[in-house]
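Each chain is listed here by its residues.
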Amino acid sequence: MRRLLFLLLISISLISKAQNTMYFMDRLPQNIAFNPAIRPNMDFFLGLPGIGGVSAQAYNSGFTYNELEDFINNLDNDNYNPDDFVNSIGDYNLFTGEASMNILSFGFKLKEKGYLSFSMNMNSLLMNKASSEIAYILADLDDLYPEDFPITVDDLTLESNAYFNLGITYSHIINEHLTLGITPRINFNQAGIKTSNISYEINQNISSEEDEYEQTLSGDVFVGLPVEINPDAIENGKLNMDEDLLAENWQDDYTFGNVFQNKSLMIDFGAVYELSNWTFSASLLNIGASKFQTYGYKLSGINEDVLVKEEGNLKIGIPTKLYMGAMNQFSPKWNYALLFNNNFYSTGSVTTATASLNGYIGSALSASISYTAGYKYDNLGIGLRFRFFPGTDLFFVTDNILQAFNYKNAYRFTAAAGINIAIGIREETQIPVDLPVEMK
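Treat the numbers as computed from the prediction; the structure is a model and nothing was measured.

## So, the overall build of the protein
Here is step 1: When helices and strands are counted, the protein shows six helices and 22 strands.
Here is step 2: Across its three principal axes, the protein shows a C-alpha extent of roughly 85 × 55 × 35 Å.
Here is step 3: Per-residue burial over the protein gives 49% buried out of 440 residues.
Here is step 4: Working note: accessible area of the protein is about 20400 Å², and carbon and sulfur atoms make up 58% of it.

This is how it looks when you write it as structure tokens:
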């Protein structure tokens with residue numbers, strides 16, 4: 001079962017947006033993804049497949065790549081105490097990763113008060129939480145000392161999702177102060193995994209003449225697959241570890257209809273309130289979950305003895321997100337803002353706060369400079385939008401530009417980039433540009 005769990009982890013994570021800096025940037029229709037009440041300051045926009053926007057983020061709470069490498073390389077050093085590194089991680093290590101790619105998006109203004117947009121994206125996410133002793137599992141067991149055993153990782157939690165979604169966003173100006181927005185979305189779920197009561201223990205068998213280890217992995221793993229599980233991998237209701245979970249030529253049975261077979265509904269809500277030079281906003285995203293009506297399975301057992309059971313309507317959570325922001329337009333072209341973000345995972349929440357300065361540098365370039373606290377305290381962000389051709393904007397955003405140049409020592413990485421086609425750009429003012437004349 002250990003082999004099965006880690007194969008699932010690797011396979012799903014390889015097919016895998018949290019950009020706080022992007023939230024208050026001007027002329028980026030991608031902002032709708034953070035708050036459906038945000039109205040793009042343009043009459044029409046278009047995001048083409050792929051180049052219309054790609055974003056990714058990853059965060060590991062307990063250690064960086066260099067710290068882990070140093071731990072593994074020094075285990076055979078008699079003067080090195082590996083417990084110091086494990087204790088520095090804390091009680092547990094949390095890894096989160098998320099990626100999104102635009103397949104197609106466009107939007108347009110509806111008369112004076114409405115804005116309608118459509119989007120289709122490919123998304124994937126991964127969350128893993130485990131006790132800090134998981135670091136020992138990543139090392140060569142022969143380099144550990146007898147007193148390091150037993151190695152026990154309890155409550156190993158893993159959740160992952162890969163899905164397409166199709167969303168329709170509508171925002172409407174209620175009055176001169178308030179704008180509301182809503183995005184109902186249909187998810188077409190492709191693959192998913194979640195675990196329950198997973199426990200992994202390694203003991204050293206000191207009675208043997210050679211180094212031998214007794215490994216025990218137990219618990220429940222729920223998986224949603226794009227096709228039927230490999231029939232050859234099931235014998236009398238049990239999993240045959242010598243066979244792959246999916247048949248060798250499973251792609252041959254994967255048709256266009258399979259893409260849309262496991263559907264679920266999610267919804268986003270947002271609001272924007274303007275008062276003098278201040279703009280306040282709030283949104284609640286991802287209300288719902290992934291659901292697998294077909295090809296959902298529960299794998300439960302210990303070590304090589306794993307029972308397989310079909311699960312109808314298997315649900316795998318997608319983290320709900322809360323955003324709350326405040327922005328002050330202190331000059332015609334510049335504003336400062338504060339954004340609060342909370343991601344609600346099944347194991348707890350991750351909270352961040354971002355302060356940013358946003359505005360224009362000339363007529364073709366707008367920028368944002370930010371500082372984010374919450375993951376760690378060295379997250380300096382930057383966002384750039386450059387109009388390199390009439391009606392065409394190139395953008396790049398990251399919440400931690402310093403780590404991008406020193407990625408082996410980074411706890412967190414974020415990046416988003418793409419090209420937008422925008423028509424009917426309006427000049428920024430301190431009042432909503434789309435309000436009727438009698439409201440201005």
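Having seen it, we continue.
## Describing the nonpolar core
Here is step 1: Among the nonpolar cores identified, the biggest contains 41 residues, and Phe 71, Phe 85 and Ile 151 are the most heavily contacted of them.
Here is step 2: Ile 151 has contacts with Glu 133, Tyr 136, Ile 137, Leu 141, Leu 144, Tyr 200, Glu 201 and Ile 202, leaving out every residue within four places of it along the chain.
Here is step 3: Met 25, Tyr 323, Met 327 and Phe 395 belong to the second-largest nonpolar core, a separate cluster that totals 17 residues.

## Re the pattern of salt bridges
Here is step 1: This structure, assessed with the given rule, holds eight salt bridges.
Here is step 2: Across the salt bridge formed by Lys 109 and Glu 112, the nearest N and O atoms sit 3.9 Å from each other.
Here is step 3: Taken together, the shared-partner salt bridges connect Arg 385, Arg 387 and Asp 393 into one network.

## A look at the pairing of strand β8 (residues 213–224)
Here is step 1: With eleven bridges connecting them, strand β7 (residues 178–204) and β8 associate as antiparallel partners. For Ile 202, the partnering residue across the bridge sits in β8 and is Gln 215.
Here is step 2: Sheet topology places β8 next to strand β13 (residues 296–302); seven bridges connect them, and they run antiparallel. What sits directly across from Ser 218, in β13, is Ile 302.

## A look at a nonpolar patch on the surface
Here is step 1: Taken together, Tyr 273, Leu 275, Trp 278, Phe 280, Phe 330, Tyr 336, Leu 357 and Ile 369 make up a surface patch of nonpolar side chains, about 750 Å² in accessible area.
Here is step 2: On the secondary structure map, Ile 369 appears in strand β19 (residues 365–373).

## A word on the pairing of strand β17 (residues 334–345)
Here is step 1: As defined by bridge partners, strand β16 (residues 320–328) adjoins β17 across nine bridges and the pair is classed as antiparallel. In the strand pairing of β17, Tyr 323 is matched with Asn 341.
Here is step 2: Taken together, the twelve bridges between β17 and strand β18 (residues 348–361) define a ladder with antiparallel strand orientation. Across the sheet, the residue bridging to Leu 339 is Thr 354, located in β18.
Here is step 3: Linking β17 to β18, which pair antiparallel, is a turn of two residues.

## Observations regarding the packing of aromatic side chains
Here is step 1: One pass over the full model with this rule turns up 14 aromatic pairs.
Here is step 2: For the pair Tyr 23 and Phe 34, a centre-to-centre distance of 6.3 Å together with 55 degrees between the ring planes defines the contact as tilted. Taken together, the residues Tyr 23 in the loop between α1 (2–14) and β1 (44–47) and Phe 34 in the loop between α1 and β1 connect sequence positions eleven residues apart.
Here is step 3: When its relative accessible area of 3% is taken as the criterion, Tyr 23 is described as buried.
Here is step 4: When its relative accessible area of 4% is taken as the criterion, Phe 34 is described as buried.
Here is step 5: Geometrically, the ring pair formed by Trp 278 and Tyr 336 is edge-to-face, given 6.1 Å between the ring centres and 85 degrees between the ring planes. With Trp 278 in strand β12 (residues 278–292) and Tyr 336 in strand β17, the pair connects residues that are 58 residues apart, well separated along the chain.

Definitions and cut-offs
- Residues numbered from 1 in each chain as written.
- Predicted model: local features only at pLDDT ≥ 70, side-chain atom pairs only at ≥ 80, totals over all residues.
- Heavy atoms only, no water.
- Helix = DSSP H or I, 4+ residues; strand = E, 2+ residues; numbered from the N terminus.
- Buried < 20%, exposed > 50% of the residue type's maximum accessible area, 1.4 Å probe, protein only.
- Areas by Shrake-Rupley, 256 points an atom, 1.4 Å probe, with all protein chains shown as cover.
- Core = buried A, V, L, I, M, F, W, Y, C linked by side-chain atoms within 4.5 Å.
- Contact = heavy atoms within 4.5 Å.
- Salt bridge = Lys/Arg side-chain N within 4 Å of Asp/Glu carboxyl O.
- Pairing = 2+ DSSP bridges.
- Patch = residues over 30% accessible without salt bridge, like charges linked within 9 Å, V, L, I, M, F, W, Y side chains within 5 Å.
- Phe/Tyr/Trp six-rings, centres within 6.5 Å; stacked < 30°, edge-to-face > 60°.

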